[in-house]
Amino acid sequence: MAELLRDLWMFMKVRKKFWLAPIIVVLLLMGTLIVLSQGSAIAPFIYTLF
Amino acid sequence: MKKFLQNLGLVLVSTLLILGTLELGVRYLHRNLGKYPKKDPILHHALVPNAVLERIKDEFAVTYRINSLGLRNEEFSIEKPQDTFRVLMLGDSYTFGIGVEIEETFAKQLEKRLNAAGGPKKIEVINAGVSSYSPIIEYLFLVHKGLSYQPDLVILNYDISDVQDDYKYTQIAEFDAEGRPLKVNPIEVQYYYREIRKGIASNIPLLQKLRLHQFIMERVYQLMGKRDVPHYYEMAKVISGDIEYDRDLPMRENAGDWKQHFDSSAKYLGLIDELLKENNIAFAIATYPYAILISEQEWKIGRRLRGFDEKIYPTKLFDYLAEFCKERGIPFLNSTPDFIAAQEYPLYYAYDGHFTPAGHAIAGKAMTQFVLDKQLLAPKSSLVDKSHHVANP
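Bear in mind that the values here come from a model prediction, so they are computed numbers and not experimental data. (Residues numbered from 1 in each chain as written. Chains lettered and ligands numbered in written order. Predicted model: local features only at pLDDT ≥ 70, side-chain atom pairs only at ≥ 80, totals over all residues. Heavy atoms only, no water.)

Concerning the overall build of chain B
Then step 1. Within chain B, the regular secondary structure consists of 14 helices and eleven strands.
Then step 2. Looking at chain B as a whole, 52% of its 393 residues qualify as buried.
Then step 3. Nonlocal contacts in chain B, meaning residues at least 24 apart in sequence, comprise 70% of its contacts between residues at least 6 apart. (Helix = DSSP H or I, 4+ residues; strand = E, 2+ residues; numbered from the N terminus. Buried < 20%, exposed > 50% of the residue type's maximum accessible area, 1.4 Å probe, protein only. Contact = heavy atoms within 4.5 Å.)

Thoughts on the overall build of chain A
Then step 1. Tallying secondary structure elements over chain A gives two helices and zero strands in all.
Then step 2. Residues classed as buried in chain A amount to 32% of the 50 residues present.
Then step 3. Accessible surface, chain A as shown: approximately 3300 Å² in total, 72% of it carbon and sulfur. (Areas by Shrake-Rupley, 256 points an atom, 1.4 Å probe, with all protein chains shown as cover.)

Let's talk about the environment of Ala-173 of chain B
Residue and element names in this part refer to chain B.
Then step 1. Looking at the element boundaries, Ala-173 is found in strand β8 (residues 173-175).
Then step 2. Residues Ala-173 and Ile-42, spaced 131 residues apart in sequence, show a C-alpha to C-alpha distance of 9.1 Å.
Then step 3. With residues up to four places along the chain from it excluded, the contact list for Ala-173 reads Ile-136, Lys-183 and Val-184.

Re the side chain of Gln-109 of chain B
Then step 1. Mapped onto the elements of the fold, Gln-109 of chain B is located in helix α3 (residues 106-117).
Then step 2. The contacts of Gln-109 of chain B, once residues within four sequence positions are left out, are Glu-103, Glu-104, His-360, Ala-361, Gly-364 and Thr-368 of chain B.

Observations regarding the confidence of the model for chain B
All names here are of chain B.
Then step 1. Of the residues in chain B, 89% have a pLDDT of 70 or more, and the chain-wide mean is 88.
Then step 2. Overall, residues 192-200 carries pLDDT values under 50, and its contacts beyond four positions in sequence, including any with other chains, amount to 28 contacts.
Then step 3. The model gives residues 381-393 a pLDDT under 50, and that stretch makes 22 contacts with residues more than four places away or in other chains. (pLDDT = per-residue confidence, 0-100.)

Considerations on the nonpolar core
Then step 1. Ranked by internal contacts, the top residues of the largest apolar core, which has 100 residues, are Leu-88, Phe-141, Ile-155, Tyr-158, Phe-262, Ile-285 and Met-367 of chain B.
Then step 2. Among the elements that line this core, the one with the most residues is helix α10 (residues 259-278) of chain B, at eight residues.
Then step 3. Counting residues in each nonpolar core, the second largest holds eleven residues, with Met-12, Ile-24 and Val-26 of chain A together with Ile-18 of chain B among its members. (Core = buried A, V, L, I, M, F, W, Y, C linked by side-chain atoms within 4.5 Å.)

A look at the pattern of salt bridges
Residue and element names in this part refer to chain B.
Then step 1. Scanning the model with the defined rule gives 19 salt bridges over all chains in all.
Then step 2. Residues Asp-165 and Arg-247 are paired through a salt bridge, measuring 3.0 Å at the closest nitrogen-oxygen approach. Of this pair, Asp-165 sits in helix α5 (residues 162-171) while Arg-247 is found in the loop between α9 (229-239) and α10, placing the two residues 82 residues apart along the sequence.
Then step 3. Here Asp-165 falls in the buried class, since its relative accessible area comes to 0%.
Then step 4. In this structure, Arg-252 and Asp-246 form a salt bridge, with 2.7 Å as the shortest nitrogen-oxygen distance.
Then step 5. The network of salt bridges with shared partners includes Asp-246, Asp-248, Arg-252 and Arg-306. (Salt bridge = Lys/Arg side-chain N within 4 Å of Asp/Glu carboxyl O.)

Let's talk about the packing of helix α4 (residues 135-144) of chain B against α5 of chain B
All names here are of chain B.
Then step 1. Contact geometry for α4 and α5: axes closest at 8 Å, N-to-C directions at 70 degrees. As the angle between them shows, α4 and α5 are arranged roughly perpendicular. Together, Pro-135, Ile-136 and Ile-137 of α4 and Asp-162, Asp-166, Tyr-169 and Thr-170 of α5 make up the contact between the two elements.
Then step 2. Of the residues belonging to the contact of α4 with α5, the class tally is four nonpolar, one polar and two charged. (Axes fitted to C-alpha atoms, helices over the stretch in contact; angles between N-to-C directions. Parallel < 35°, antiparallel > 145°, perpendicular 65-115°, else oblique. Nonpolar A, V, L, I, M, F, W, Y, C, P; charged D, E, K, R; others polar.)

Here's the deal with helix α2 (residues 20-37) of chain A
Then step 1. Look at α2 of chain A: 26 Å from first C-alpha to last across 18 residues, which is about the 26 Å you get at 1.5 Å a residue.
Then step 2. Among the residues making up α2 of chain A, those that are buried are Leu-20, Pro-22, Ile-23, Ile-24, Val-26, Met-30, Leu-33 and Ser-37 of chain A. (Expected span 1.5 Å × (residues − 1).)

Focus: the side chain of Arg-303 of chain B
Residues and elements named next belong to chain B.
Then step 1. Its location among the elements puts Arg-303 in helix α11 (residues 300-305).
Then step 2. Despite being buried, Arg-303 has no salt bridge partner; Glu-310 is the closest side chain of opposite charge, sitting 6.3 Å away.
Then step 3. A polar contact is formed between the side chain of Arg-303 and the backbone oxygen of Ser-295, at a distance of 2.6 Å.
Then step 4. Reaching out from Arg-303, the side chain makes a polar contact with the backbone oxygen of Glu-298 at a distance of 2.9 Å.
Then step 5. Sequence-distant contacts of Arg-303, defined by excluding residues within four places in its chain, comprise Ala-291, Ile-292, Ser-295, Glu-296, Gln-297, Glu-298, Phe-308, Asp-309, Glu-310 and Lys-311. (Lys, Arg positive; Asp, Glu negative; His and termini not counted. Polar contact = N/O pair within 3.5 Å; in protein donor to acceptor, adjacent residues only side chain to side chain.)

Regarding the pairing of strand β6 (residues 122-127) of chain B
Residue and element names in this part refer to chain B.
Then step 1. Of all six residues making up β6, five are buried, and the element is well covered by its neighbours.
Then step 2. In this sheet, β6 lies alongside strand β5 (residues 84-90) in parallel orientation, the contact comprising six bridges. The residue bridging Met-89 from the neighbouring strand is Asn-127, located in β6. (Pairing = 2+ DSSP bridges.)

Looking at the packing of α10 of chain B against helix α12 (residues 317-328) of chain B
All names here are of chain B.
Then step 1. Put simply, α10 and α12 touch, their axes get as near as 11 Å, and they point 35 degrees apart. In this structure, the crossing between α10 and α12 has a hand that is right-handed. In this structure, α10 contributes Lys-259, Phe-262, Ala-266, Leu-269, Gly-270, Asp-273, Glu-274 and Lys-277 to the contact, and α12 contributes Leu-317, Tyr-320, Leu-321, Phe-324 and Arg-328.
Then step 2. A breakdown of the residues in the contact of α10 with α12 according to their chemical character gives seven nonpolar, one polar and five charged. (Left-handed = near helix turned anticlockwise from the far one by under 90°.)

Focus on the sheet that holds strand β7 (residues 153-158) of chain B
All names here are of chain B.
Then step 1. Sheet architecture is open: five strands sit in the order β6-β5-β7-β10-β11, paired in parallel fashion. Each edge of the open sheet carries a strand with a single partner, namely β6 and β11 (332-334). Strand-to-strand twist of the sheet, defined as the mean angle between neighbouring strand axes without regard to direction, takes the value 20 degrees.
Then step 2. Pairing between β7 and strand β10 (residues 282-287): six bridges, direction parallel. Bridge assignment links Val-154 to a residue of β10, and that residue is Phe-283.
Then step 3. Its contacts with the sheet put α4 on β5 and β7, and the angle it makes with β5 is roughly 145 degrees.

With respect to helix α1 (residues 2-15) of chain A
Three- or four-residue spacings in an α-helix give side chains the same orientation, since the helix completes a turn every 3.6 residues.
Then step 1. End to end, α1 of chain A covers 20 Å across 14 residues, agreeing with the expected 20 Å (1.5 Å per residue, within 8%).
Then step 2. One or two positions beyond α1 of chain A, positive phi appears at Lys-16 of chain A, with a value near 55 degrees.

Set out below in structure tokens:
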């Protein structure tokens, strides 16, 4: 995983494609959130009717 | 400086692009999520007609299809067909059938079993269960909709949470001079853990409209819940026994004397009884146990979050209900013994707490036996429950 991130960083640095950084960061954060929150079901407790 | 601004602009565009793509993705994934209840000027809330709602959770994946009359039922003609005996099932989320398909609900199990038992008329059971309905709203539902379906029999499924629901709805309802409800205004009532939601959720209108924001916040709640089960347990203990916050009040050991709150709910049951008598429609009341009333093992996760330990809890609610029905000569079913005798597991979802398909099957079987034993399919004139003394005929 660390190697993949390093490769991505080097790719952005060499090719000067830093605009890719937000896309990668957002996707990583979303992925982490989805994986970590799996297997829990607290949400139905905090429902609203409308 | 120009180069820096160019790069900054590129990063901003890139950020907006990925967030926009994710927003579209979430909207596509949740295209069938649909709205669940909508605000209703008379009934506080009601199902959206013709809605198709997918609910995919860890414990179940179901689709709720709402018919054109706003009920979780197949389409049916308001005008009752000849040679049809129509049963109207009132209730809340347990009757609605959270977590199960429509044909698995105890309402449809009853219909199937009664028709299989044979009889001169076709039996049609209409499922009018809506989450968080309670007798005050069920009375209004009958007045404004239910009676027009010309039911021959109304079965009201009284849920343990109805005690608190009626207490809450009474505060936002309007009444006529004789104390009969005219409407329950569609004002949000405070529910369990609402404060936590308010604490986390954004108050920025634009963010509230973004599905991506909802998607992320739901997962943040889930993360919090996963980490904080002991915290939720302690928190539930703090509010337990307080009718303002506690939906499980009738099962709390520290609840004190809460019969006054049941009496308030019973007032609406009495109004329903009178209304149905005036219209020559048979009436029965049924209730069923929550998991903690029958087993230490059932509802294993959810019970901790609601501040319950791994033991069986008692409740006086069913005694109060039985006494009320006895006084009025209303046939009454408490299916707790049927659930205790069942050899199946689980009858309830471990987290959610509603009936699994097996739980609905037990409830449907018990209700069929009850309807047959009490001869509730007989003509109305012979329907007085002869096993009970009628104090106020």
